[in-house]
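# Summary of the model geometry
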Amino acid sequence: MSPVRLAVTGATGRMGRAVIDAAIDRGHDVVLAVNRSPDRGSIQDVEITDSADVETRLEDRPVDVIVDFTGPESSVRYAEMAADARIPIVVGTTGFDEGQSDRLAAAATRTPLLRAANFSRGIYALQRAVEVAARALPGYNIEVTETHHNAKLDAPSGTAKELLALIDRIRGESEPVHGREGHAPRQDPEVGVHARRAGDITGEHEVLLAANRETLELTHRASDRGVFAAGALDAAEWLVDQDPGYYEFAAVIEDS
Ligand code: NAD
């Protein structure tokens, strides 16, 4: 893979730092590292640009692709900026509402945009396994549990929401029930959803299927953010060659 000129937004955040480290390891050129109210001068010798100055900097420096891990409203703003500048953008942020998702889709009509709630290849494999299990085990009770670090803002996680959507597509109908309290007997077609927040856990997702005196537990655990950073960079390298449009991480995996 030839080196790409990368802009990273959310550069001093947990994911931004992991992306910059992985990009430099792969020999890419991080030409712009942007953060809101930069709390330090540089990461790996890459100077941090204040988000207020990003438009001017984008005009100065050629960028092949932007990788964004910020927050929903900021990501939409960067996606619209990328569309104006015709720069491909990889969006890793989660927690978008419907209006924000629509704005991302509108930006994708003008520039290649790839959005994924999870850049782990293991999660892609988990999703495929859940598809098989939900088809093979009709009527089995399903519960989805996710566990993340104590600073995660959105709940349930974007990945848990994607798993719920996938189960809903296969089952035809399902009713997410978020936690249970008091007198709460399980009723079909509910799917229990549980979000745990503790310590510095990178990310865990479990799908439990049970009935007929058997239990199937499908679990994915990420132990390092480098996993997501690697996937986001795979996506960035792939996206620079695409036409404007809305892409998912599955396209990158299925194309490799
Ligand atoms: P974080 O809070 O550690 O980092 C976010 C960074 O973005 C912070 O440094 C913040 O100051 C910065 N920021 C906010 N608004 C900005 C703006 N307008 N311009 C520039 N920088 C801005 O969070 P994190 O753990 O790195 O996660 C970021 C997002 O990525 C979350 O939505 C999280 O759920 C998601 N995430 C996705 C994946 C994936 O694989 N897709 C993996 C992990 C986290």
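Our structure's up above, just so we're on the same page.
Because the structure is a prediction, the values reported are computed rather than measured.

### What about the packing of aromatic side chains?
Enumeration according to the criterion identifies 3 aromatic pairs in this entry. Summarising the aromatic geometry, the rings of Phe69 and Phe119 are spaced 6.1 Å apart at their centres and angled 70° between planes, so their arrangement reads as edge-to-face. Here Phe69 is found in the loop between strand 5 (65–68) and helix 3 (72–85), whereas its partner Phe119 is found in the loop between strand 7 (112–115) and helix 5 (121–136), with 50 residues between them in sequence. Comparing Phe69 with Phe119, the two get one shared label, buried.

### Some thoughts on the site of the ligand
Lining the immediate environment of the ligand, one finds 24 residues, of which Arg14, Met15, Tyr78, Thr94 and Phe119 sit closest. Here a nitrogen atom of the ligand sits 3.5 Å away from a polar atom, N or O, in the main chain of Asn118. Contact distances for the ligand include 3.0 Å between an oxygen atom and a side-chain N or O atom of Lys152. When the ligand sits alone it has 860 Å² of accessible area, and the protein chains cover 83% of it. The set of elements that each furnish at least two residues to the shell around the ligand consists of helix 1 (14–25), strand 2 (29–35) and helix 3. With 3 residues, helix 3 is the largest single contributor of residues to the shell around the ligand. Broken down by class, the residue content of the shell around the ligand amounts to 8 nonpolar, 11 polar and 5 charged.

### Focus on the sheet that holds strand 8 (residues 141–148)
Adjacent strands of a sheet pair through backbone hydrogen bonds, lying either parallel or antiparallel. Spatially, 9-10-8-11-12 is the arrangement adopted by the 5 strands of the open sheet, whose pairing is mixed. The strands lining the two open edges of the sheet, one partner per strand, are strand 9 (175–178) and strand 12 (214–222). Mean inter-strand twist for the sheet, computed between neighbouring axes without regard to direction, equals 20°. Of the strand pairs in this sheet, strand 11 (residues 203–211) and strand 12 are connected by 9 bridges, and their pairing is antiparallel.

### A closer look at the environment of Arg17
Its location among the elements puts Arg17 in helix 1. Residue Arg17 is classed as partly exposed on the basis of its relative accessible area, which comes to 27%.

### Remarks on helix 5
Compared with an ideal rise of 1.5 Å per residue, which puts 16 residues at 22 Å, helix 5 spans 23 Å between its outermost C-alpha atoms and is within 8% of the ideal. Within helix 5 the residues assigned to the buried category are Ile123, Tyr124, Leu126, Gln127, Val130, Ala133 and Ala134. As for helix 5, its buried residues are in contact with helix 6 (158–171), strand 11, strand 12 and helix 8 (249–254). Between the side-chain oxygen of the N-cap and the backbone nitrogen of Gly122 there are 3.0 Å, and the N-cap of helix 5 in question is Ser120.

### Overview of the nonpolar core
Leu6, Val19, Ile20, Val67, Val90, Leu114 and Phe119 are the most contacted members of the largest nonpolar core, which totals 36 residues. Mapped onto this core, the elements with two or more residues apiece are strand 1 (5–9), helix 1, strand 2, strand 4 (46–50), strand 5, helix 7 (226–239) and helix 8. Apart from residues lying up to four places away in sequence, Phe119 is in contact with Phe69, Val90, Val91, Gly92, Leu114, Val227, Phe228, Gly231, Ala232, Ala235 and Phe249. Core analysis: the second largest hydrophobic core is formed by 22 residues, Val76, Val91, Leu104 and Ala107 among them.

### Considerations on the side chain of Ser157
Tracing the backbone shows Ser157 in the loop between strand 8 and helix 6. Setting aside anything within four residues of it in sequence, one finds Ser157 in contact with Glu146, His148, Lys152, Arg197 and His205.

### Some thoughts on the pairing of strand 8
Two faces, one strand: in a regular strand the side chains alternate between the faces of the sheet. Burial analysis of strand 8 places 7 of its 8 residues in the buried class, which makes it a mostly covered element. In this sheet, strand 11 lies alongside strand 8 in antiparallel orientation, the contact comprising 7 bridges. From the neighbouring strand, Thr147 faces strand 11, where its bridge partner is Glu204.

### A short note on the sheet that holds strand 3 (residues 42–43)
Across the sheet, 8 strands lie side by side as 3-4-2-1-5-6-7-13; this open sheet has mixed pairing. Each of the sheet's edge strands pairs with one partner strand only, and the pair in question is strand 3 and strand 13 (245–247). Here strand 1 pairs with strand 2 via 5 bridges, running parallel. Across the sheet, the residue bridging to Leu6 is Val30, located in strand 2. Docked against the sheet, helix 3 engages strand 1, strand 2, strand 5, strand 6 (89–91) and strand 7, running at close to 165° with respect to strand 6.

About the thresholds
Residues numbered from 1 in each chain as written. Predicted model: local features only at pLDDT ≥ 70, side-chain atom pairs only at ≥ 80, totals over all residues. Heavy atoms only, no water. Phe/Tyr/Trp six-rings, centres within 6.5 Å; stacked < 30°, edge-to-face > 60°. Helix = DSSP H or I, 4+ residues; strand = E, 2+ residues; numbered from the N terminus. Buried < 20%, exposed > 50% of the residue type's maximum accessible area, 1.4 Å probe, protein only. Near = heavy atom within 4 Å. Polar contact = N/O pair within 3.5 Å; in protein donor to acceptor, adjacent residues only side chain to side chain. Areas by Shrake-Rupley, 256 points an atom, 1.4 Å probe, with all protein chains shown as cover. Nonpolar A, V, L, I, M, F, W, Y, C, P; charged D, E, K, R; others polar. Pairing = 2+ DSSP bridges. Axes fitted to C-alpha atoms, helices over the stretch in contact; angles between N-to-C directions. Expected span 1.5 Å × (residues − 1). Contact = heavy atoms within 4.5 Å. Core = buried A, V, L, I, M, F, W, Y, C linked by side-chain atoms within 4.5 Å.

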